[in-house]
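Spelled out from the first residue to the last, the chains are:
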Amino acid sequence: QVQLVESGGGSVQPGGSLRLSCAASGIISGIYFMAWYRQVPGDQRERVATITSSRSTNYVDSVKGRFTISMESAKKTVYLQMNSLKPEDTAVYYCNAGGSTSNGRGFDAWGQGTLVTVSS
């Protein structure tokens, strides 16, 4: 009932920038939070950044000062601006969102993932 579609992944050299986008659609009445996670094959999924409906943000230490999460509520879209990228940022990035639907139920949805590769 709720779908998340990510875009913006790709390959970039160390020091470069990328911006990820994630658009939510479906019978959504409200979004409480949106977040970005990343996962390297063989490792656990790591939460990278979170933003709440009140625009409170939180980042994992390894990306503080380099990544910025933002949200456009009207478009139900979250962005992750990634600057000064490092090879260790290489991963599949997943969008996650939680909120309520118009039929009164809560949701916790995930996107399909988008690959970010940082390499020279």
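A short tour of the structure in this document, coming up. (Residues numbered from 1 in each chain as written. Predicted model: local features only at pLDDT ≥ 70, side-chain atom pairs only at ≥ 80, totals over all residues. Heavy atoms only, no water.)

### Quick notes on the state of the cysteines
Move 1: Enumeration according to the criterion identifies one disulfide in this entry.
Move 2: The disulfide that involves Cys-22 links it to Cys-95, with 2.1 Å between the sulfurs. In this structure the cystine formed by Cys-22 and Cys-95 twists about its S-S bond by roughly -85 degrees; its chirality is therefore left-handed. With a gap of 73 residues between them, Cys-22 in strand E3 (residues 18–26) and Cys-95 in strand E9 (residues 91–101) connect regions that are remote in the sequence. (Disulfide = S-S within 2.5 Å. Helix = DSSP H or I, 4+ residues; strand = E, 2+ residues; numbered from the N terminus.)

### Thoughts on the pattern of salt bridges
Move 1: What the rule picks out here adds up to five salt bridges.
Move 2: Where salt bridges share partners, they join Arg-38, Glu-46, Arg-66 and Asp-89 into one cluster. (Salt bridge = Lys/Arg side-chain N within 4 Å of Asp/Glu carboxyl O.)

### Considering the packing of aromatic side chains
Move 1: Enumeration over the complete set of coordinates arrives at one aromatic pair.
Move 2: Of note, Arg-45 hangs over the ring of Trp-110, and the distance from its end group to the ring centre comes to 4.9 Å. (Phe/Tyr/Trp six-rings, centres within 6.5 Å; stacked < 30°, edge-to-face > 60°. Lys NZ or Arg CZ within 6 Å of the ring centre and 35° of its normal.)

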